[in-house]
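Given next are the chains, with one letter for each unit.
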Amino acid sequence: EDQVTQSPEALRLQEGESSSLNCSYTVSGLRGLFWYRQDPGKGPEFLFTLYSAGEEKEKERLKATLTKKESFLHITAPKPEDSATYLCAVHGAGGTSYGKLTFGQGTILTVHP
Amino acid sequence: ETGVTQTPRHLVMGMTNKKSLKCEQHLGHNAMYWYKQSAKKPLELMFVYNFKEQTENNSVPSRFSPECPNSSHLFLHLHTLQPEDSALYLCASSLGTGVQPLHFGNGTRLTVT
């Protein structure tokens, strides 16, 4: 069974204080790893897809990286508007179900001005 | 404005009521999903439809009954729910059921009294 563990559960940063969120996974054949952002009262918003170890993707202050066991979401010089819950999900090759993502429980990021 | 619209945004129902959640996507996608999001738990996949055909039922109790009349509309019919069914119900769509990012609606916050 695919598993995703995100750490820390919650992270408080000062504006401009760079940090990283971690997503550790076990999956039978990774086909893709996804990062989403979720604001309170809203649905998750897609950020990145990573397909293979060594891949990196960037969007504004966010950079996602992938190894064979984990992914990091690096946040450079965060701003208060980056405050949200960040979700990681994996799409494995095993099992009989397509389109079935396994999500982590999320990291709640709070950036103080 | 999200490409995936869910109504109602909030719903309070008694355990003997029957109600329905509605989801509509304007993205031209072929796959639609229902997810359940409970506090401090990862998103749980409930149902997957691909080209109107149900391809996944993730051991969901029969008090939840999905309906997908076409690729743009998805319903979740609810009856005789339990208080533990209170959660945020998220609809999502994707181009297909392969390794595709999901596009989520903003959810229906359901409270069962």
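Structure: above.
The structure contained in this document is the topic of the report that follows. (Residues numbered from 1 in each chain as written. Chains lettered and ligands numbered in written order. Predicted model: local features only at pLDDT ≥ 70, side-chain atom pairs only at ≥ 80, totals over all residues. Heavy atoms only, no water.)

So, the overall build of chain B
Which entries qualify depends on this criterion: What counts as a helix is a DSSP run of H or I of at least four residues, what counts as a strand is a run of E of at least two, and both are numbered from the N terminus. Radius of gyration: over C-alpha atoms. The globule rule applied is 2.2 Å multiplied by the number of residues raised to the 0.38 power. Only protein chains enter the calculation, and the probe is 1.4 Å; a residue is then buried if its accessible area is under 20% of its type maximum, exposed if over 50%, and partly exposed in between. Here, two residues are considered to be in contact whenever any of their heavy atoms come within 4.5 Å of each other. With residues, only the protein chains shown are counted as cover, and all accessible areas are computed by Shrake-Rupley using a 1.4 Å probe. Only four residue types enter the charge count: Lys and Arg as positive, Asp and Glu as negative, with His and the chain ends excluded. Here the site of a charge means NZ on Lys, CZ on Arg, CG on Asp, or CD on Glu.
Tallying secondary structure elements over chain B gives 0 helices and 11 strands in all. For chain B, the succession of helices and strands along the chain, N to C, is β-β-β-β-β-β-β-β-β-β-β. For 113 residues, the compact-globule estimate of 2.2 N^0.38 gives 13 Å, and chain B sits close to it at 13 Å. Projected onto the principal axes, the alpha-carbon positions of chain B cover approximately 35 × 30 × 25 Å. Looking at the 113 residues of chain B, the share that counts as buried comes to 49%. Across chain B, every contact between residues at least 6 apart in sequence was considered, and the portion connecting residues at least 24 apart equals 53%. Counting only carbon and sulfur atoms, one obtains 49% of the accessible surface of chain B, whose full area is about 5200 Å². For chain B, the separation between the mean place of its 10 positive charges and that of its 8 negative charges on side chains is 7 Å.

Here we look at the sheet that holds strand β3 (residues 18-25) of chain B
Residue and element names in this part refer to chain B. Operational definition: For two strands to be treated as a pair, DSSP must find at least two bridges joining them. Helix axes use the C-alpha atoms of the stretch in contact, all axes being lines fitted to C-alpha atoms, and the angles between their N-to-C directions lie in the range 0 to 180 degrees.
Overall, antiparallel pairing links the 4 strands, which are arranged β1-β3-β8-β7 in an open sheet. The sheet is open, and its two borders are formed by β1 (4-7) and β7 (64-70), each paired with just one other strand. For this sheet, the mean inter-axis angle between neighbouring strands, taken without regard to orientation, is 15°. Looking at chain direction, β7 and strand β8 (residues 73-79) are connected through 5 bridges and run antiparallel. Of the residues in β8, the one forming a bridge with Phe-64 is Leu-78.

Looking at the layout of surface pockets
Inclusion rule: For each structure, a 1 Å grid was placed over the protein atoms alone; sets of points admitting a 1.4 Å probe that cannot get out are labelled cavities, open sets with protein on both sides within 12 Å along at least five of seven lines are labelled pockets, and lining residues have an atom within 4 Å of a point. Grid points are joined across faces, edges and corners, and a volume is the space filled by probe spheres set on the points. Each residue is assigned to one class: nonpolar for Ala, Val, Leu, Ile, Met, Phe, Trp, Tyr, Cys and Pro, charged for Asp, Glu, Lys and Arg, and polar for all the others, Gly among them.
Its volume calculated, the largest pocket comes out at about 630 Å³. Taken together, 29 residues line the largest pocket, and the ones lying closest to its centre are Thr85(A), Ile108(A), Gln37(B), Ala39(B) and Lys40(B). Looking at the lining of the largest pocket, the elements with two or more residues in it are β9 (84-92) of chain A together with β9 (87-94) of chain B. The leading source of residues in the lining of the largest pocket is β9(A), at 3 residues. Looking at side-chain class alone, the lining of the largest pocket contains 10 nonpolar, 12 polar and 7 charged residues.

Quick look at the packing of aromatic side chains
Keep this limit in mind: Ring geometry is summarised as follows: Phe, Tyr and Trp rings, the Trp one being its six-membered ring, pair when their centres sit within 6.5 Å, and such pairs are stacked at plane angles under 30 degrees, edge-to-face over 60 and tilted between the two.
For the structure on display, the rule yields 10 aromatic pairs over all chains. With a centroid separation of 5.8 Å and 35° between ring planes, the pair formed by Phe64(B) and Tyr89(B) is classed as tilted. Pair noted here: Phe64(B) is in strand β7 and Tyr89(B) is in strand β9, with a separation of 25 residues, a long-range link. One exposure class covers both Phe64(B) and Tyr89(B), and it is buried. By the ring-pair criterion, three or more aromatic residues cluster together here, those being Phe34(A), Tyr36(A), Phe46(A), Phe103(A), Tyr33(B), Tyr35(B) and Phe104(B).

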